[in-house]
Amino acid sequence: MKHLLHSFKLVAGMMTTKSAYTGPLWVQIGISNACNHRCIMCWDHPTYVSENNPYPSATSRRYYQMHPEIDHTKGFMDLGKLEELIVDLYSIGTRRIELVGRGEPMMHPQFDQIVETIKRRGFNLGIATNASLLNPDRCEHLVDHDLDRIVASIDAGSRDTYYRVHTRTNIESFDRILSNLRVLHQIKKSKGKKEPQVMLSFVISRLNYHEAFEMIDLGKDVGADQIVFKYMVPYENIKFLELTEEEKRNFSGQLPAFMKKAESYGIDLKIEPPIGDTTTNPKLYHKKTETVYSRIPCYIGWYFSLITAEGSIIPCCQCMEKMGDFREQRFRDIWYSKRYSNFRMSMKRFPEHYDRPTNCACDKCALDKINATIYNTLHFFNPIQLFEGQREFSVFQLLPAIFKGKTTKGAKVVNRKSGSSL
């Protein structure tokens with residue numbers, strides 16, 4: 001019932017005004033800007049940049065030059081401010097938190113206490129991690145305190161490839177991480193628990209695309225519940241690591257075999273477009289998201305927010321428009337502020353004038369299917385077809401995914417006989 005009431009309040013804001021009548025459905029909190037790895041595909045700790053220009057994109061450079069108080073490579077969120085943030089989020093209805101960010105969450109010196117604090121409040125909690133700082137004691141602590149899920153970035157099917165992708169580590173790290181994930185699985189089993197659910201994340205590049213079957217085998221080995229494949233999003237200096245069009249076609253052509261193998265292990269294999277996306281040429285995939293937002297609004301300002309370790313509140317991971325600083329204001333005051341309301345209205349008016357906000361990468365949006373689903377749910381009487389073979393989630397997939405981080409089995413393909421089409 002509480003989720004239903006929250007949803008109604010969200011819909012009221014999306015349909016009628018630029019205001020929010022309740023808190024975001026979920027938030028990502030970056031508790032650490034520091035990281036102990038330097039992964040080749042990372043935008044926050046990029047490998048292939050110069051000392052004179054350490055930023056992977058013009059947007060990133062502009063943002064940090066505008067906010068010189070931010071050190072995007074160091075620093076941890078203050079525990080007292082985090083506790084204050086948790087109180088605010090709970091009071092405005094938010095019930096799901098993901099600990100992610102520019103760095104490695106487990107590097108925070110009070111990480112275990114943070115997990116206890118958030119779970120004590122009754123939040124659904126997930127963690128995105130490189131899993132290098134897992135150990136048997138921490139695994140037991142996470143199980144005992146009912147962590148809901150772990151997303152572990154592995155990105156390789158072998159030791160040698162792992163070392164090439166996760167630079168600034170050592171050749172033994174791969175074996176140690178897998179060993180600790182096995183320990184986690186055994187602790188869950190011994191205590192009769194299914195949580196935390198474990199997802200292994202594999203960012204596909206030219207370094208690892210030939211190891212997909214080995215990646216699925218790793219999932220079975222460590223007792224993973226889900227595996228996700230997604231293409232690397234390259235910045236200019238790492239375009240040489242992006243798959244060629246022929247390599248992408250070959251990789252996508254093996255999807256039925258990948259799915260069959262994962263299914264035989266009882267693992268859900270999640271494939272993120274444009275891998276296997278027949279609705280568009282992979283080379284033009286991000287151009288498609290521009291097409292999406294020339295026809296529908298972006299609703300991100302109502303259902304999501306991202307809080308960084310130093311206190312910045314920004315709308316999403318691909319939009320570096322700073323809404324406020326929770327070291328200076330309470331989160332709830334920022335969320336209901338005029339600045340945030342104006343941002344919501346500007347995103348809601350995309351179809352009238354598609355003009356990407358200066359510090360947002362809307363042409364690389366990963367949430368276009370969620371926004372398309374919301375639009376067509378709100379406009380059920382006249383849904384819109386944005387492109388051939390449109391992919392959407394059903395509401396029954398979307399709500400559990402948003403409220404509780406439940407895994408989705410993939411979007412459905414929609415081919416409407418009527419409605420607007422591009």
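See the structure shown above.
Please read these numbers as outputs of a predicted model, since none were measured by experiment. (Residues numbered from 1 in each chain as written. Predicted model: local features only at pLDDT ≥ 70, side-chain atom pairs only at ≥ 80, totals over all residues. Heavy atoms only, no water.)

Colleague: When you look at the packing of helix α9 (residues 245–253) against helix α10 (residues 255–264) in this model, what are you seeing that I'm missing?
Modeller: Two quantities define a packed helix pair, namely the angle between the helix axes and the distance between the axes. Where α9 contacts α10, the axes come no closer than 5 Å and their chain directions differ by 40°. By the angle between their directions, the pair α9 and α10 is classed as oblique. Contacts between α9 and α10 involve F251, S252 and G253 on the former and, on the latter, L255, P256 and F258. Along the lines of polarity and charge, the residues of the contact of α9 with α10 split into four nonpolar, two polar and no charged. (Axes fitted to C-alpha atoms, helices over the stretch in contact; angles between N-to-C directions. Helix = DSSP H or I, 4+ residues; strand = E, 2+ residues; numbered from the N terminus. Parallel < 35°, antiparallel > 145°, perpendicular 65-115°, else oblique. Contact = heavy atoms within 4.5 Å. Nonpolar A, V, L, I, M, F, W, Y, C, P; charged D, E, K, R; others polar.)

Colleague: Please clarify how the nonpolar core should be interpreted in this entry.
Modeller: Nonpolar side chains in soluble globular proteins tend to end up buried together. In this structure, I29, I97, L99, L200, F229 and Y303 are the most contacted members of the largest nonpolar core, which totals 103 residues. Take this core: its biggest share by element is six residues, from helix α7 (residues 173–190). Beyond its immediate chain neighbours, meaning those up to four positions away, I97 contacts V27, I29, I86, L89, I118, F123, N124, L125, G126 and R149. Judged by nonpolar contacts, the second largest core, of ten residues, contains I40, V165, V203 and L241. (Core = buried A, V, L, I, M, F, W, Y, C linked by side-chain atoms within 4.5 Å. Buried < 20%, exposed > 50% of the residue type's maximum accessible area, 1.4 Å probe, protein only.)

Colleague: Which parts of the structure should I look at to understand the sheet that holds strand β12 (residues 324–325)?
Modeller: The strands making up a sheet are joined through hydrogen bonds of the backbone, oriented either antiparallel or parallel. What the ten strands build is an open sheet, ordered β9-β8-β7-β5-β4-β3-β1-β10-β11-β12; its pairing is mixed. Strands at the two margins of the open sheet, each flanked by one partner only, are β9 (268–271) and β12. Inspection of the sheet shows strand β10 (residues 304–307) paired to strand β11 (residues 312–314) by two bridges, in the antiparallel sense. Bridging across to β11, I307 finds its partner in I313. Sitting on the sheet, helix α3 (residues 79–91) touches β1 (26–30), β3 (96–100) and β10, and the angle it makes with β1 is about 175°. (Pairing = 2+ DSSP bridges.)

Colleague: What is the right way to look at the pattern of salt bridges in this model?
Modeller: When their charged atoms lie close together, side chains carrying opposite charge are able to pair. By the definition in use, this model includes 21 salt bridges. In this structure, R330 and E84 form a salt bridge, with 3.8 Å as the shortest nitrogen-oxygen distance. Placement of the pair is R330 in the loop between β12 and α13 (331–335) and E84 in helix α3, with a sequence separation of 246 residues. The exposure class assigned to R330 is partly exposed, which follows from its relative accessible area of 33%. The class for E84 is partly exposed, based on a relative accessible area of 25%. Salt-bridge contacts for E98 lead to R96; the nearest nitrogen and oxygen are separated by 2.8 Å. (Salt bridge = Lys/Arg side-chain N within 4 Å of Asp/Glu carboxyl O.)

Colleague: Is there a simple way to explain the packing of helix α5 (residues 136–144) against α7 in this structure?
Modeller: For the pair α5 and α7, the least separation of the axes is 9 Å and the interaxial angle reads 40°. Between α5 and α7, the interaxial angle falls into the category oblique. The hand of the α5/α7 crossing is right-handed. Contact residues: P136, C139, E140 and V143 in α5; N180, V183, L184, I187 and K188 in α7. Grouping the amino acids of the contact of α5 with α7 by side-chain chemistry returns six nonpolar, one polar and two charged. (Left-handed = near helix turned anticlockwise from the far one by under 90°.)

By themselves, these are just geometric observations and shouldn't be taken as functional.
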